[in-house]
There are 2 protein chains.
Amino acid sequence: MYNICVLGAGYMGSAITFPLAKNGHNVNLWGTWLDDEIINACRKGLLHPKLKTKLLPTVKIFSSDELEAAVSGCDIIFMGISSEGFLDVFKKLLSVIDKNKNIFTLTKGFIDDNGKIRRTTAVARQLLNKRFAEADFQWTSIGGPVKALELCRDIPTVSIYASRTDENISAAGKFGTGNYRIIHTRDITGVELSADFKNVYATGMGVVEGLYGPEMAGNFHNFSSFIFNQSILEISRIVEKAGGNKKTVFDNAGMGDLYVTSQSGRNRKFGELIGKGMPPEEVFRTMLEGGELAEGYHTLKLGKIWLEENHPELLGYLPLFSALHQIIFGDMDPFEGLKDVLFKL
Amino acid sequence: MYNICVLGAGYMGSAITFPLAKNGHNVNLWGTWLDDEIINACRKGLLHPKLKTKLLPTVKIFSSDELEAAVSGCDIIFMGISSEGFLDVFKKLLSVIDKNKNIFTLTKGFIDDNGKIRRTTAVARQLLNKRFAEADFQWTSIGGPVKALELCRDIPTVSIYASRTDENISAAGKFGTGNYRIIHTRDITGVELSADFKNVYATGMGVVEGLYGPEMAGNFHNFSSFIFNQSILEISRIVEKAGGNKKTVFDNAGMGDLYVTSQSGRNRKFGELIGKGMPPEEVFRTMLEGGELAEGYHTLKLGKIWLEENHPELLGYLPLFSALHQIIFGDMDPFEGLKDVLFKL
């Protein structure tokens with residue numbers, strides 16, 4: 001049995017408490033300063049406002065000013081923060097712990113680290129090494145096709161845990177349930193970049209949906225299938241160049257995760273509204289004001305810079321990524337832009 | 001410009017006449033004895049009863065008793081027949097031609113050849129070799145994510161043409177349009193087996209849809225994503241053992257085709273009704289009586305025998321295929337059967 005603290009009480013952070021608590025671990029759930037409303041509702045025993053279900057009764061709830069108490073005595077920390085909030089929370093975490101922890105991250109994505117675009121994990125590794133010079137980097141990145149709303153409702157789910165230390169692998173072996181199957185891989189890069197970039201490509205899948213709309217009753221799936229396929233090919237190229245394993249992409253962490261993300265959710269919705277002809281910046285802002293962050297927008301923007309700085313030779317081999325960038329940040333026509341990708345294979 | 005005869009006036013045979021005729025080729029469309037109603041409607045200038053659109057006016061229409069006239073003077077034959085009808089039609093074709101033809105097949109699947117289960121292409125090759133002993137096997141298998149209803153409506157579409165002779169490759173170069181992108185591969189086995197087995201796995205995707213139903217508003221996509229991913233992994237194992245290239249499966253011919261097939265259509269519907277609890281045999285029969293052939297049913301039945309005879313060592317590595325076989329031909333509970341696959345990875 002572990003003492004576990006989950007940081008972030010949004011969708012994924014809250015949902016992961018379900019399999020953890022079902023396994024009998026002691027689970028603390030800490031909400032950031034953006035989660036106060038959620039924490040208040042849960043403390044009153046109400047439905048979790050995002051998951052629309054009650055947390056399990058054994059989960060202990062902590063508000064943003066109780067970080068130290070929340071992590072006290074915990075061996076394992078789950079990061080369930082948005083990539084925008086990750087750095088702030090992670091620095092706070094490091095200031096209240098006095099020894100190295102075993103970290104499981106649900107957060108991936110790119111971070112603007114003083115003007116330099118870097119992967120979350122790279123930033124975290126550097127900060128951890130600075131704080132605990134002698135300690136191992138005990139790090140697990142969690143990916144695969146997992147929607148939070150389904151995880152907390154026991155829909156059969158597979159999740160990919162990427163880590164390289166025996167301690168992490170052994171811990172992950174104690175988190176699965178009869179409906180939550182955990183598979184281990186050592187390919188942290190493959191899992192993380194798949195999870196990051198799938199948001200961009202799910203936006204592309206949404207654009208196709210929006211271009212045609214429900215009145216076409218799905219009679220445009222030749223087009224969306226091609227976009228789906230091209231997405232996976234492009235993610236595999238990115239992962240391979242970045243030192244990950246292509247096989248990770250052609251499996252649950254890539255293909256599976258893109259599938260689930262492109263069927264519904266915020267990134268797909270973001271794309272759909274663009275496909276219907278709304279200006280991308282306006283869609284992004286309006287959704288954000290309604291509490292819906294379309295992560296694909298940030299990954300497209302920051303991911304492009306990251307690619308230019310780290311793998312510029314790749315950009316010519318990502319025609320769909322480039323088209324999406326021009327559709328969302330330029331003035332490319334969504335239909336013509338995506339259709340042209342057919343002839344850039 | 002080619003003189004082309006398309007055999008079979010159902011969905012795919014009729015739809016392929018659109019890009020062919022748009023390229024200025026002379027196109028004859030021949031209907032089998034099952035297509036008489038379609039042929040009559042098209043001759044009267046009415047909508048094609050399945051495609052719900054008129055054929056292009058340059059397409060010449062031939063009824064089942066006019067096979068010889070239909071193929072006369074044609075260099076290229078497209079086979080747009082169901083796999084059940086393939087052998088009959090192919091033998092008739094061989095009886096009315098006096099030299100080798102360049103054949104493009106939209107039909108794949110398994111054939112019960114006097115009790116022996118064989119791939120369509122293997123049977124066709126043998127018959128052709130017998131008829132034209134000295135001639136090359138001029139054969140192209142067509143795959144990829146192509147729904148007929150969309151192809152004839154100019155929805156952007158990619159299609160994979162698998163062939164090994166210069167003549168076939170060169171001809172295929174003259175069939176594409178601005179909305180119909182043809183990609184060539186030499187991997188006939190990979191394209192064919194992907195096209196065959198995707199019908200089985202699309203049935204599986206349908207079962208998951210049926211288990212939950214529209215009232216769940218898609219809140220079961222963790223499960224369907226896993227099933228999608230597992231399907232592609234299993235198809236890739238089959239293709240590799242049969243001498244094809246795994247890469248073909250992780251691309252438009254496999255991943256793309258399964259995507260389009262699992263979003264809608266007969267195989268998905270067949271699975272959905274099973275997921276809702278109807279007896280599989282009854283679903284198959286009822287659909288067939290309504291003119292809807294769920295090919296996944298036959299591929300599951302014949303494909304299992306083919307696997308047992310040709311690659312028995314594979315069966316232990318196809319837990320989803322085995323579960324579907326037991327759900328449809330045995331008495332396995334659909335939910336438990338599919339969920340258990342999570343723990344057989």
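So, how was this worked out
What you see as residue numbers is a count from 1 along each chain, following the sequence as written. Throughout, the order in which chains and ligands are written sets their labels, letters from A for the former and numbers from 1 for the latter. The predicted origin of the model limits local features to residues at a pLDDT of at least 70 and limits the giving and counting of side-chain atom pairs to 80 or more, whereas totals for whole chains, interfaces and linings rest on all residues. Note that water and hydrogens are dropped before the side-chain values are worked out from all heavy atoms of the structure. Categorising residues by exposure relies on relative accessible area from a 1.4 Å probe, with only protein chains included: less than 20% of the type maximum marks a residue as buried, more than 50% marks it as exposed, and the intermediate range marks it as partly exposed. Helical segments are the DSSP runs of H or I of at least four residues, strand segments are the runs of E of at least two, and each set is numbered from the N terminus. We treat two strands as partners when DSSP finds at least two bridges between them. Here is how to tell: hold the view so the strands point away, follow the path from the first strand over the helix to the second, and if it runs clockwise the crossover is right-handed. Interaxial angle, 0 to 180 degrees, is taken between N-to-C directions of lines fitted to C-alpha atoms, where a helix line uses only the stretch in contact. The contact rule is simple, with two residues in contact once any of their heavy atoms fall within 4.5 Å. Summed over both partners, the accessible area (1.4 Å probe) lost when two parts come together is defined as the buried area. Criterion for a salt bridge: a side-chain nitrogen of Lys or Arg within 4 Å of a carboxyl oxygen of Asp or Glu. Residues qualify for a patch when their relative accessible area is over 30% and they have no salt bridge, like charges being joined within 9 Å and the nonpolar side chains of Val, Leu, Ile, Met, Phe, Trp and Tyr within 5 Å. The Shrake-Rupley method, run with a 1.4 Å probe, gives the accessible areas here. Residue values count only the displayed protein chains as cover. His is not counted, nor are the chain ends, whereas Lys and Arg count as positive and Asp and Glu as negative. Where a charge sits is defined by one atom per residue type, namely NZ (Lys), CZ (Arg), CG (Asp) or CD (Glu). What we call a nonpolar core is a set of buried Ala, Val, Leu, Ile, Met, Phe, Trp, Tyr and Cys residues that are connected through their side-chain atoms within 4.5 Å. Along the chain, pLDDT gives the predictor's confidence residue by residue, from 0 to 100. Our superposition of the copies is a least-squares fit, built on the C-alpha atoms of residues whose pLDDT is at least 70 in both. Expected span, for any helix, means 1.5 Å times one less than how many residues it has.

J.: If you had to explain the pairing of strand β2 (residues 26–30) of chain A to someone new, which residues and values would you point to?
T.: All names here are of chain A. The element β2 is largely enclosed, with a buried count of 4 among its 5 residues. Here strand β1 (residues 3–7) pairs with β2 via 5 bridges, running parallel. The residue bridging asparagine 3 from the neighbouring strand is asparagine 26, located in β2. Read from β1 through helix α1 (residues 11–22) to β2, the crossover connection turns out right-handed. Looking at chain direction, β2 and strand β3 (residues 60–62) are connected through 3 bridges and run parallel. Bridge assignment links tryptophan 30 to a residue of β3, and that residue is phenylalanine 62. On the question of chirality, the crossover connecting β2 to the parallel β3 by way of helix α2 (residues 36–43) is right-handed.

J.: Got a sec to walk through the sheet that holds strand β2 (residues 26–30) of chain B? Specific residues and values, please.
T.: Residue and element names in this part refer to chain B. Sheet architecture is open: 8 strands sit in the order β3-β2-β1-β4-β5-β8-β9-β10, paired in mixed fashion. The open sheet has two edge strands, β3 (60–62) and β10 (180–185), and neither has a second partner. Along the sheet, successive strands turn relative to each other by an average axial angle of 25°, direction set aside. Two strands pair when backbone bridges link them, and strand β5 (residues 102–105) and strand β8 (residues 139–143) are joined in this way by 3 bridges, in the parallel orientation.

J.: Please give an account of the interface of chain B and chain A that cites residues and values.
T.: Each partner contributes to the interface: chain B provides 46 residues, whereas chain A provides 46 residues. Between chain B and chain A, roughly 3,900 Å² of surface is buried when both sides are summed, and carbon and sulfur atoms account for 59% of that area. Interface area lost by chain B to chain A is led by Pro156(B), Asn222(B) and Tyr259(B), which between them contribute 19%. One can count 0 salt bridges joining chain B with chain A. Taken together, the elements giving at least two residues each to the side of chain B that touches chain A come down to α6 (148–151), β9 (157–163), β10, α8 (188–212), α9 (221–241), α11 (252–263) and α16 (334–341) of chain B. With 10 residues, α9(B) is the largest single contributor of residues to the side of chain B that touches chain A.

J.: Lay out the pattern of salt bridges in plain terms, naming residues and giving numbers.
T.: According to the stated counting rule, one finds 24 salt bridges over all chains in the structure shown. Two residues, Lys269(B) and Glu292(B), come together in a salt bridge whose shortest N-O distance is 2.8 Å. Of this pair, Lys269(B) sits in helix α12 (residues 266–275) while Glu292(B) sits in the loop between α13 (280–289) and α14 (295–310), placing them 23 residues apart in sequence. For Glu292(B), a relative accessible area of 25% corresponds to the partly exposed category. It is possible to trace a salt-bridge network through shared partners that takes in Glu209(A), Arg268(A) and Glu272(A).

J.: Tell me what's going on with a negative patch on the surface, and back it up with residues and numbers.
T.: On the surface, Asp75(A), Asp136(A), Asp166(A) and Glu167(A) cluster together to form a negatively charged patch. Assessed through its relative accessible area of 37%, Asp75(A) is described here as partly exposed.

J.: Tell me what's going on with the side chain of Ser194(B), and back it up with residues and numbers.
T.: For Ser194(B), the location among the structural elements is in helix α8. Not counting residues within four places of it along the chain, the set of residues in contact with Ser194(B) comprises Ile235(B), Val239(B), Val249(B), Ala253(B) and Gly254(B).

J.: Which residues make up the sheet that holds strand β9 (residues 157–163) of chain A, and what values do they have?
T.: By way of backbone hydrogen bonds, the strands of a sheet pair with one another, either parallel or antiparallel. Residue and element names in this part refer to chain A. The strand order β3-β2-β1-β4-β5-β8-β9-β10 describes an open sheet built from 8 strands, whose pairing is mixed. The open sheet terminates on both sides in strands that have one partner only, identified here as β3 and β10 (180–185). Shown here is a sheet whose adjacent strand axes are inclined to one another by a mean of 25°, direction ignored. Along the sheet face, helix α4 (residues 83–96) touches β1, β2, β4 (76–79), β5 (102–105) and β8 (139–143) and points at about 165° away from the line of β4.

J.: Break down unusual backbone geometry for me, citing the residues and quoting the values.
T.: Most peptide bonds adopt trans geometry, and most residues besides glycine take a negative phi value. With a phi angle near 50°, Ala217(A) is a residue other than glycine that sits in the positive phi range. The topology assignment puts Ala217(A) in the loop between α8 (188–212) and α9 (221–241). Residue classification places Ala217(A) among the exposed positions, given a relative accessible area of 62%. The backbone of Asn114(B) sits at a positive phi, close to 55°, despite the residue not being glycine. Inspection of the secondary structure assignment puts Asn114(B) in the loop between β6 (110–113) and β7 (116–119). For Asn114(B), a relative accessible area of 79% corresponds to the exposed category.

J.: Go over the nonpolar core with me, naming the residues and quoting the values.
T.: Residues and elements named next belong to chain A. Core analysis: the biggest nonpolar cluster contains 136 residues, and Leu7 and Phe90 have the highest contact counts within it. For this core, the element with the most residues is α8, which contributes 11 residues. Excluding residues within four positions of it along the chain, leucine 7 makes contact with Trp30, Leu67, Val71, Ile77, Phe78, Met79, Gly80, Ile81, Val89 and Leu93.

J.: Any chance you could break down the confidence of the model for chain A for me, citing the residues and the numbers?
T.: Of all residues in chain A, 100% attain a pLDDT of 70 or more, and the chain-wide mean is 96. Listed scores for the predicted complex are pTM 0.97 and ipTM 0.97.

J.: Describe in detail the relation of the copies chain B and chain A, supporting the description with residues and values.
T.: Expressed as a screw operation, the relation of chain B to chain A combines 0.0 Å of axial shift with a rotation of 180°, fitting to an RMSD of 0.0 Å. The symmetry that links the two subunits is that of a two-fold axis. The position closest to the rotation axis in chain B is occupied by the C-alpha of Phe250(B), lying 3.4 Å away. Same-surface contact between copies: 100% of interface residues of chain B are shared with the interface of chain A.

J.: Give a description of the pairing of β8(A) that names residues and reports values.
T.: Residue and element names in this part refer to chain A. Buried residues dominate β8, accounting for 5 of its 5 residues. Because side chains alternate across β8, one face comprises the buried residues Trp139, Ser141 and Gly143, and the other comprises Thr140 and Ile142, equally buried. As paired strands, β8 and β9 are joined by 4 bridges and run antiparallel to one another. Across the sheet, threonine 140 pairs through a bridge with serine 163, a residue of β9.

J.: Describe α1(A), listing the residues and the values that go with them.
T.: Residue and element names in this part refer to chain A. Given a rise of 1.5 Å per residue, 12 residues ought to cover 16 Å, and the 18 Å separating the end C-alpha atoms of α1 matches this to within 8%. Burial analysis of α1 places 9 of its 12 residues in the buried class, which makes it a mostly covered element. Taken together, the buried positions of α1 are occupied by Gly13, Ser14, Ala15, Ile16, Thr17, Phe18, Pro19, Leu20 and Ala21. On its buried face, α1 is in contact with β1, β2, β4, α6 (148–151), β9 and β10. With its phi angle positive at about 85°, glycine 24 sits one or two positions after the end of α1.

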